[in-house]
Amino acid sequence: MKDLLFLIPLLPLLAAVINSLFGRWLLRDLAGPIATVSVIGSWVVSLLVFIDQLGSDQPLTQHLYTWIPAGDFQIPVTLHVDHLTAVMLMVVTTVGSLVHIYSNGYLAGDTGFYRFFTYLPLFIFSMLILVLANNYLLLFFAWEGVGLCSYLLIGYYFKRTSATKAANKAFIVNRIGDVGFGIGIMLIFVKTGSMVFSEVFAQIPSVAGSTVTLIGILLFIGATGKSAQLPLFVWLPDAMEGPTPVSALIHAATMVTAGIYMIARSFPIYIATDDARLIISIVGVATAFMAGTIAVTQFDIKRVIAYS
């Protein structure tokens, strides 16, 4: 089964490339079915992987190639699946498949039909690489890919000023969070000499407690942007300027869960620092209270869902 892992992100990527090259002139209305079939294909492979992991405690790993070979600094492109990843794969591909199927009818006849079905599978590809990555730098690469695709999808109706402003707002606010995330990754490498999850977590007990707390806080700053926590939640309601299927994809179970996944993946770091966990708890409770009270005052159902 591990030899098939590469198909999970590859299928949506191929659909995005094909639609971007041939969608406007040759494929046109076929762009939607091509993207939809590709994501359903990823769902099928993800389901097989999920079933395989149900009865096994042995993670699946597939090394594809070495991305950055620079002396002792080695960044592999290696796909890793354990129980956490298997669950996330099912969430992303299931929601992604449903959104693709619905979008074929929702955007039928739209002049940017092929363009939409270039961005959508590219978003799925980025999200799948994010959850399959076995190291922080590859995760960060996909993290930025998700941010780029959200910008493109939110600003899909680019002739509307409100849509372009909402896309810019989402992009900029997320970049603020990503500065903290990036510094946190650098600090991890300086203190552990690696970015591979298993190697980093093995060395966390030997890192000073204050440093581990700082790493945890920096990583969480990145999560506050992607998962729309205080104070970086202001982009989320404006993201409703994109087509309704985009709202479902970004807000329901994919982009906003990227931060949650990253925190869960970094659990060995957070289990070693009470202070970072306390900060996460406070911010989470404050966000839930503020967003929930704002939601009850909204009249647009999409904004109600976003704040909720």
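Here is what the cut-offs are and how they apply
- Residues numbered from 1 in each chain as written.
- Predicted model: local features only at pLDDT ≥ 70, side-chain atom pairs only at ≥ 80, totals over all residues.
- Heavy atoms only, no water.
- Helix = DSSP H or I, 4+ residues; strand = E, 2+ residues; numbered from the N terminus.
- Rg over C-alpha atoms; globule rule 2.2 N^0.38 Å.
- Buried < 20%, exposed > 50% of the residue type's maximum accessible area, 1.4 Å probe, protein only.
- Contact = heavy atoms within 4.5 Å.
- Areas by Shrake-Rupley, 256 points an atom, 1.4 Å probe, with all protein chains shown as cover.
- Lys, Arg positive; Asp, Glu negative; His and termini not counted.
- Charge placed at Lys NZ, Arg CZ, Asp CG, Glu CD.
- Expected span 1.5 Å × (residues − 1).
- Bend = angle between axes of the 7 residues up to and from the residue.
- Salt bridge = Lys/Arg side-chain N within 4 Å of Asp/Glu carboxyl O.
- Polar contact = N/O pair within 3.5 Å; in protein donor to acceptor, adjacent residues only side chain to side chain.
- Core = buried A, V, L, I, M, F, W, Y, C linked by side-chain atoms within 4.5 Å.
- Pairing = 2+ DSSP bridges.
- Axes fitted to C-alpha atoms, helices over the stretch in contact; angles between N-to-C directions.
- Parallel < 35°, antiparallel > 145°, perpendicular 65-115°, else oblique.
- Nonpolar A, V, L, I, M, F, W, Y, C, P; charged D, E, K, R; others polar.
- Patch = residues over 30% accessible without salt bridge, like charges linked within 9 Å, V, L, I, M, F, W, Y side chains within 5 Å.

Caption draft 1: Main features of the overall build of the protein. Broken down by element type, the protein carries 14 helices and two strands. A globule of 308 residues ought to have a C-alpha radius of gyration of about 19 Å, and the protein, at 19 Å, matches this closely. For the protein, the C-alpha atoms occupy an extent of roughly 60 × 50 × 40 Å along the three principal directions. Relative to its full complement of 308 residues, the protein shows a buried share of 52%. Sequence separation of at least 24 residues holds for 74% of the intrachain contacts in the protein that already meet a minimum separation of 6. Surface exposure of the protein reaches about 13,600 Å², of which carbon and sulfur atoms provide 70%. Separation between the mean location of the 15 positive side-chain charges and that of the 15 negative ones in the protein comes to 12 Å.

Caption draft 2: A look at helix H6 (residues 161–192). Taking 1.5 Å per residue, 32 residues should reach 46 Å; H6 reaches 46 Å between its end C-alpha atoms and fits that length. Along H6, the sharpest change in direction is near 25° and occurs at Gly 177. Looking one or two places after H6, you find Gly 193, whose phi comes out positive at around 75°.

Caption draft 3: Region of the structure containing the pattern of salt bridges. The final tally for this structure, using the stated rule, is seven salt bridges. Here Arg 175 and Glu 144 are joined by a salt bridge, their closest N and O atoms 3.2 Å apart. Here Arg 175 is found in helix H6, whereas its partner Glu 144 is found in helix H5 (residues 136–154), with 31 residues between them in sequence. On the accessibility criterion, Arg 175 (19% relative accessible area) is buried.

Caption draft 4: Here's a closer look at helix H3 (residues 83–106). Its 24 residues place the ends of H3 34 Å apart at the C-alpha level, agreeing with the 34 Å of an ideal helix rising 1.5 Å per residue. Between the side-chain oxygen of the N-cap and the backbone nitrogen of Leu 84 there are 3.3 Å, and the N-cap of H3 in question is Asp 82.

Caption draft 5: Region of interest: the side chain of His 80. As for its position among the elements, His 80 is in strand S2 (residues 73–81). Separated by 3.4 Å, the side chains of His 80 and Thr 61 make a polar contact. Dropping the residues within four chain positions of it, His 80 is found in contact with Pro 59, Leu 60, Thr 61, Thr 85, Val 131, Leu 132 and Asn 134.

Caption draft 6: Broad picture of the nonpolar core. In terms of nonpolar packing, the biggest core is built from 89 residues, with Phe 123, Leu 130, Tyr 136, Leu 139, Leu 219, Trp 235 and Ile 269 touching the most fellow members. Residue contributions to this core peak at 15 residues, all from helix H4 (residues 113–132). Here Phe 123 is in contact with Val 146, Cys 149, Ser 150, Leu 153, Leu 249, Ile 250, Thr 254 and Met 255, once residues within four sequence places are set aside.

Caption draft 7: A look at the pairing of strand S1 (residues 60–70). Bridge count for S1 against S2 is nine bridges, and the pairing is antiparallel. Directly across from Thr 61, in S2, lies its bridge partner His 80. Where S1 folds back on S2, the antiparallel hairpin that results is connected by two residues, among which Gly 71 adopts a positive phi of roughly 65°.

Caption draft 8: Structural view of the packing of H3 against helix H11 (residues 255–265). Between H3 and H11, whose axes approach to 11 Å, the crossing angle comes to 170°. One way to sum up the angle between H3 and H11 is to call them roughly antiparallel. The segment H3 lies against H11, with Leu 84, Thr 85 and Met 88 engaging Thr 257, Tyr 261, Ala 264 and Arg 265. Residues of the contact of H3 with H11, tallied by class, amount to four nonpolar, two polar and one charged.

Caption draft 9: How the structure looks around a nonpolar patch on the surface. On the surface, Met 1, Leu 4, Ile 40, Val 44, Leu 48, Leu 98 and Ile 101 cluster together into a nonpolar patch covering about 560 Å² of accessible area. Only helix H2 (31–54) and H3 provide two or more residues apiece to the nonpolar patch. Looking at the nonpolar patch element by element, the count peaks at three residues for H2. The topology assignment puts Ile 101 in helix H3. Its relative accessible area of 46% is what places Ile 101 among the partly exposed residues.

Caption draft 10: Representation of the packing of H4 against H11. The interhelical angle for the contact between H4 and H11, taken along N-to-C directions, is 10°, at an axis separation of 11 Å. When the interaxial angle is binned, H4 and H11 end up roughly parallel. Residue-level inspection shows Phe 123, Met 127, Leu 130 and Val 131 of H4 in contact with H11, the latter providing Met 255, Thr 257, Ala 258 and Tyr 261.

Caption draft 11: The arrangement of the environment of Phe 181 in detail. With respect to the helices and strands, the residue Phe 181 is situated in helix H6. Overall, the relative accessible area of 0% leaves Phe 181 in the buried class. Expressed as a C-alpha distance, the spacing of Phe 181 and Ala 228, which sit 47 residues apart in the sequence, is 14 Å. Excluding its chain neighbours within four sequence positions, the residues that come into contact with Phe 181 are Leu 139, Phe 140, Trp 143, Leu 218, Leu 219, Gly 222 and Met 262.

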